[in-house]
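# Survey of secondary and tertiary structure
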Amino acid sequence: MKVIPIHTDQREQILDITAPIRNLVAQGAFSSGVLFLFCPHTTAAITINENADPDVKRDILYHLKKAIPQSPDFKHFEDNADAHIKSVLTGFSLVLIVENGKIQLGRWQGIYFCEFDGPKDREVWVKAVPDQGV
Amino acid sequence: MKVIPIHTDQREQILDITAPIRNLVAQGAFSSGVLFLFCPHTTAAITINENADPDVKRDILYHLKKAIPQSPDFKHFEDNADAHIKSVLTGFSLVLIVENGKIQLGRWQGIYFCEFDGPKDREVWVKAVPDQGV
Amino acid sequence: MKVIPIHTDQREQILDITAPIRNLVAQGAFSSGVLFLFCPHTTAAITINENADPDVKRDILYHLKKAIPQSPDFKHFEDNADAHIKSVLTGFSLVLIVENGKIQLGRWQGIYFCEFDGPKDREVWVKAVPDQGV
């Protein structure tokens, strides 16, 4: 397992982590297989989305904040229940396919770390399973 | 990696892709292992749900449209921010277990491609890892 | 594939299944690899979240119930469309990394079964792929 360290500097923030993950695969020197990403936090998540217009990231955060506002109706004592819920809905694990030594992503796809309760020091854990596949 | 081509003919549509995925596994001729599905798009997703009453698909799309309407509050210039957000919440990768040469699904489960910005030509990418497992 | 039986006793309930999954890994006697969890239902899901304050579970269920209420606008004849939608958004599969014979979870993470249409007898399916990885 490899660890990608991440530092966030806002409460809610989406960071492109495609480059460090591509680098890990390049260092791993395996031509094909599967790559697993895991977010070891409960108020952050990982997802995939458009790597072109940065307004997509803004719109995702805007919607989540509006749909799941911080609220006195939540009972969790740390006042970050909204961040836990956003993380559950976005997800904690991703599976990526590796072929010809490269992560296979769609043309417009990037890999994103989603911070919902920053700023914090965070990590993404990465496990590679070189190809046994067909 | 195998590619399943998909054609959607509406803006929002949920298509059952269980049969082509079962066929891939049958062709792959491995008795047990894990199957990974990946959606290489940013305005479409893959999920699992009920394969009996088609109203379940209708209700999922109905809810998502109501909860995440197209809106002038979004800034993404292509006017499909809603589709990006629906995709993030639904998810881009799935893991399926294969035993005795067959994908293991619950009694009422089917595998679904979710189009949120069609009509478009789409793909689902499939990677098999034959069994090393216990 | 191993099966973890689960019994829920409320319509909506989040149950900690970290212990039985840790036990399966201990019995499997492999030191590193990947563990796949699959929920074979269409009105239940699996996720990860905080294992400390039980109010986090309460707040997740509270939000989902408020955001996706049972409604006459849904057409699914079983009157549990809300449960299908909550399951799609929460997710049906999880990937966990195993190192040194233990599931690697973040400090505050537990693994949770989410019931949205109980009480019911349920299952979580578990597949291990011992390490071929880097």
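Definitions and cut-offs
Residues numbered from 1 in each chain as written. Chains lettered and ligands numbered in written order. Predicted model: local features only at pLDDT ≥ 70, side-chain atom pairs only at ≥ 80, totals over all residues. Heavy atoms only, no water. Helix = DSSP H or I, 4+ residues; strand = E, 2+ residues; numbered from the N terminus. Buried < 20%, exposed > 50% of the residue type's maximum accessible area, 1.4 Å probe, protein only. Areas by Shrake-Rupley, 256 points an atom, 1.4 Å probe, with all protein chains shown as cover. Lys, Arg positive; Asp, Glu negative; His and termini not counted. Charge placed at Lys NZ, Arg CZ, Asp CG, Glu CD. 1 Å grid on protein atoms, 1.4 Å probe; cavity = no way out; pocket = protein on both sides within 12 Å on 5 of 7 lines; lining within 4 Å. Points joined across faces, edges and corners; volume = space filled by probe spheres on them. Nonpolar A, V, L, I, M, F, W, Y, C, P; charged D, E, K, R; others polar. Disulfide = S-S within 2.5 Å. Pairing = 2+ DSSP bridges. Axes fitted to C-alpha atoms, helices over the stretch in contact; angles between N-to-C directions. Contact = heavy atoms within 4.5 Å. Buried area = accessible area lost by both parts, 1.4 Å probe. Polar contact = N/O pair within 3.5 Å; in protein donor to acceptor, adjacent residues only side chain to side chain. pLDDT = per-residue confidence, 0-100. Least-squares fit on C-alpha atoms with pLDDT ≥ 70 in both. Phe/Tyr/Trp six-rings, centres within 6.5 Å; stacked < 30°, edge-to-face > 60°. Lys NZ or Arg CZ within 6 Å of the ring centre and 35° of its normal. Salt bridge = Lys/Arg side-chain N within 4 Å of Asp/Glu carboxyl O.

In this section: the overall build of chain A. A tally of regular secondary structure across chain A gives 3 helices and 8 strands. Along chain A, from the amino end to the carboxyl end, the secondary structure elements read β-β-α-β-β-α-α-β-β-β-β. Put simply, chain A has 134 residues, and 62% of those count as buried. Accessible area for chain A stands at about 5200 Å²; split by element, carbon and sulfur atoms hold 49% of it. When the 14 basic and 17 acidic side-chain charges of chain A are each reduced to a single mean position, those positions are 2 Å apart.

Before going further, it helps to spend a moment on empty space enclosed by the protein. All told, the structure shown has 2 cavities of 30 Å³ or more when counted by the stated rule. Put simply, the largest cavity is a space of about 360 Å³. If you go around the largest cavity, you meet 31 residues; those closest to its centre are Gly91 and Ser93 of chain A, Ser93 of chain B together with Gly91 and Ser93 of chain C. Here the lining of the largest cavity is built from residues that sort into 19 nonpolar, 12 polar and no charged. A volume near 30 Å³ is recorded for the second largest cavity. Elements with a minimum of two residues in the lining of the second largest cavity: β4 (44-50) and α2 (55-67) of chain B. Across the lining of the second largest cavity, the residue classes tally to 4 nonpolar, 2 polar and 2 charged.

What follows is about the state of the cysteines. Scanning all chains against the criterion turns up 0 disulfides over all chains. Between cysteine 39 of chain B, a free cysteine, and cysteine 114 of chain B, which holds the nearest cysteine sulfur, the sulfur-to-sulfur gap is 8.6 Å.

Right, let's get into the sheet that holds strand β2 (residues 13-16) of chain A. Residues and elements named next belong to chain A. Within the open sheet, the 3 strands sit side by side as β2-β7-β4. Their pairing is antiparallel. Since the sheet does not close on itself, it has two edges, and those belong to β2 and β4 (44-50), each with one partner. The mean inter-strand angle of the sheet, taken between neighbouring strand axes irrespective of direction, is 35 degrees. As paired strands, β2 and strand β7 (residues 109-115) are joined by 4 bridges and run antiparallel to one another. Opposite aspartate 16, over in β7, you have tyrosine 112 as the bridge partner. Across the sheet, helix α3 (residues 81-90) is in contact with β4 and β7; its angle to β4 comes to roughly 50 degrees.

Here we take up the interface of chain A and chain C. Every contact between the two is made by 30 residues of chain A and, on the other side, 36 residues of chain C. Surface buried jointly by chain A and chain C totals about 2900 Å² across both partners, of which 65% is contributed by carbon and sulfur atoms. The interface formed by chain A and chain C includes 14 residue pairs in polar contact (both at pLDDT 80 or more). Elements represented by at least two residues in the side of chain A that touches chain C include exactly β3 (33-38), α3, β5 (93-99) and β8 (121-130) of chain A. Top element by residues in the side of chain A that touches chain C is β8 of chain A. It accounts for 6 residues.

What follows concerns the confidence of the model for chain A. Across chain A, pLDDT averages 93, with 98% of residues at or above 70. Interface scoring of the predicted complex returns ipTM 0.94; its pTM is 0.95.

Before going further, it helps to spend a moment on the relation of the copies chain A and chain C. One copy of the chain maps onto the second through a rotation around an axis plus a translation along that axis. Expressed as a screw operation, the relation of chain A to chain C combines 0.0 Å of axial shift with a rotation of 120 degrees, fitting to an RMSD of 0.0 Å. Within this description, the copies of the chain are treated as partners about a three-fold rotation axis. When C-alpha positions in chain A are compared against the rotation axis, the closest is assigned to leucine 89 of chain A, at 3.3 Å. Take the interface residues of chain A: only 13% of them recur as interface residues in chain C, which is what a contact between different surfaces looks like.

Under the defined criterion, the tally for this structure stands at 9 aromatic pairs over all chains. Every member of this aromatic cluster is reached through a ring pair, and the members are Phe36 of chain A, Phe36 of chain B together with Phe36 of chain C. Over the aromatic face of tyrosine 62 of chain A sits the side chain of arginine 58 of chain A, whose NZ or CZ is 4.5 Å from the ring centroid.

Where charged atoms of side chains with opposite charge meet at close range, the side chains can pair. Under the criterion given, the structure shown has 33 salt bridges over all chains. Across the pair lysine 127 of chain A and aspartate 131 of chain C runs a salt bridge whose closest N-O atoms are separated by 3.2 Å. Taken as a pair, lysine 127 of chain A in strand β8 and aspartate 131 of chain C in the segment after β8 (121-130) lie in two separate chains rather than in one. A salt bridge links lysine 86 of chain B to glutamate 12 of chain B, with the nearest nitrogen and oxygen atoms 2.8 Å apart. One end of the pair, lysine 86 of chain B, is in helix α3 (residues 81-90); the other, glutamate 12 of chain B, is in the loop between β1 (2-7) and β2 (13-16), with 74 residues separating them in the sequence. Of the two residues examined, lysine 86 of chain B and glutamate 12 of chain B, each falls in the buried class.

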